[in-house]
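As a plain string of letters, each chain reads:
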Amino acid sequence: MRITRRAEFSASHVCCQPSLTLEQNRELYGAAANPSGHGHNYILEVTLEGEPDPVTGMIFDLKKLKDIIQQSVIEPMDHRFLNFEVPPFDKVVPTVENVAAEIWERLRAKIDGGGARLENVRLYETDDLYVDYTGDPS
Amino acid sequence: MMRVTRRYRFAASHRLHSEHLSEEQNRDLYGKCNNPYGHGHDYTLEVTVAGPRDRDSGLVAPIASLDRLVFEQVLQDFDHRYFNVDVPEFAKLVPTSENIIRVIENRLKARWQTVFPNGRPRLEAIRLQETKRNRFESSKAGVTDEGE
């Protein structure tokens, strides 16, 4: 049994590696390398997997899940410039892949255990680009 | 696993008609889709790639490279075309969504190694939506029809 909770945040970022030229960064990241940054309305879908507790009938308390997502992701990232305001993105390029992996790490420890486990983090950067992360780096 | 999905759109027409069936059998099987002059759809195509993130770039794949590959191999030949007439693979192959996915897969694989050496990322899945009520997916499990 899986449950999926959706949340949204708006943030700006710039994708560039300081060791590369602007031209090389544009080749890798396209317009996302433009130096002053730009923003997205990110949509996050957090999927938990587990068996419903026989007493509560729930895999995980959705209110608690909402609070975890709010405290771990939405409050620190919403209406922020990721590169300047949200570590580790002062050192790590905030590609949609890296942001999804960072969200995974922030959520996993707070969710796993108690009959449920974090199964998937889906992060939409736009309607036309999203990533799914299941925690395995390969 | 990290999977990256990119969505594309194209508009194209097709007619479902098998040369192995009689006129009547074709009408029975394909219904309106067998109407003689064809008809069109706004297709939505999703291409999913999978692999490790590059440590420095943070990318599974440079999206510009994927976009260029999909444009050159698929979109520029399919968009605003009549499959049966304009796309050589469908001269004898019925352009169902299942077959369109197979052709897209072959076209992408034909240049995959050139664009993505070392097999990174790998092509994980292709999804094609003919209308909002029909979605087809090809993955390692093969084509599945998720229509109503």
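Our structure's up above, just so we're on the same page.
Residues numbered from 1 in each chain as written. Chains lettered and ligands numbered in written order. Predicted model: local features only at pLDDT ≥ 70, side-chain atom pairs only at ≥ 80, totals over all residues. Heavy atoms only, no water.

Draft legend 1. Up close: the pattern of salt bridges. Under the definition given, this model contains 23 salt bridges over all chains. Between aspartate 90 of chain A and lysine 91 of chain A there is a salt bridge, with its nearest N and O atoms 3.6 Å apart. Relative accessible area serves as the criterion here: at 74%, lysine 91 of chain A is assigned to the exposed category. In this structure, glutamate 46 of chain B and arginine 7 of chain B form a salt bridge, with 2.8 Å as the shortest nitrogen-oxygen distance. Here glutamate 46 of chain B is found in strand β2 (residues 39–50), whereas its partner arginine 7 of chain B is found in strand β1 (residues 2–14), with 39 residues between them in sequence. A relative accessible area of 22% places arginine 7 of chain B in the partly exposed class. (Salt bridge = Lys/Arg side-chain N within 4 Å of Asp/Glu carboxyl O. Buried < 20%, exposed > 50% of the residue type's maximum accessible area, 1.4 Å probe, protein only. Helix = DSSP H or I, 4+ residues; strand = E, 2+ residues; numbered from the N terminus.)

Draft legend 2. Local environment of the interface of chain B and chain A. Every contact between the two is made by 24 residues of chain B and, on the other side, 22 residues of chain A. Here chain B packs against chain A, burying approximately 2,000 Å² in sum over the two surfaces, 44% of which is carbon and sulfur. The interface formed by chain B and chain A holds two salt bridges in total. One salt bridge connects glutamate 27 of chain A with arginine 68 of chain B, and the closest N-O pair in it is separated by 3.7 Å. In this structure, the connection of chain B to chain A is made through 13 residue pairs in polar contact (both at pLDDT 80 or more). Counting residues per element, the ones that place at least two in the side of chain B that touches chain A are β1, α2 (63–78) and β4 (122–131) of chain B. Examining the composition of the side of chain B that touches chain A, we find that seven residues originate from one element, β1 of chain B, more than from any other. Here the residues of the side of chain B that touches chain A sort into 10 nonpolar, four polar and 10 charged. Alignment of strand β5 (residues 129–133) of chain A against β1 of chain B, held across five bridges, turns out to be antiparallel. Pairing of tyrosine 130 of chain A across the sheet is with threonine 5 of chain B, part of β1 of chain B. (Contact = heavy atoms within 4.5 Å. Buried area = accessible area lost by both parts, 1.4 Å probe. Polar contact = N/O pair within 3.5 Å; in protein donor to acceptor, adjacent residues only side chain to side chain. Nonpolar A, V, L, I, M, F, W, Y, C, P; charged D, E, K, R; others polar. Pairing = 2+ DSSP bridges.)

Draft legend 3. Looking closely at unusual backbone geometry. Omega for the peptide link from proline 87 of chain A to proline 88 of chain A comes to 15 degrees, which places this bond in the cis form. With respect to the element layout, proline 88 of chain A can be found in the loop between α3 (82–85) and α4 (96–111). With an omega dihedral of -5 degrees, the bond running from arginine 120 of chain B to proline 121 of chain B counts as a cis peptide bond. If you trace the backbone, proline 121 of chain B turns up in the loop between α4 (97–115) and β4. Unusually for a residue other than glycine, histidine 80 of chain B sits at a positive phi of about 60 degrees. One non-glycine residue, asparagine 118 of chain B, lies in positive phi territory at about 70 degrees. Locating asparagine 118 of chain B in the fold gives a position in the loop between α4 and β4.

Draft legend 4. Structural context of α4 of chain B. Residues and elements named next belong to chain B. For α4, which comprises 19 residues, the first-to-last C-alpha distance of 26 Å matches the rise-based estimate of 27 Å (1.5 Å per residue) to within 8%. At lysine 109, α4 is deflected by roughly 30 degrees, the largest bend along its length. Each element contacted by the buried residues of α4 is listed here: β2, α2, α3 (83–86), β4 and β5 (134–139). (Expected span 1.5 Å × (residues − 1). Bend = angle between axes of the 7 residues up to and from the residue.)

Draft legend 5. Layout of the pairing of β5 of chain B. Residues and elements named next belong to chain B. Relative to β5, β4 is paired through five bridges, and the arrangement is antiparallel. Pairing of leucine 128 across the sheet is with phenylalanine 136, part of β5. Hairpin connection from β4 to β5: two residues lie between these consecutive antiparallel strands.

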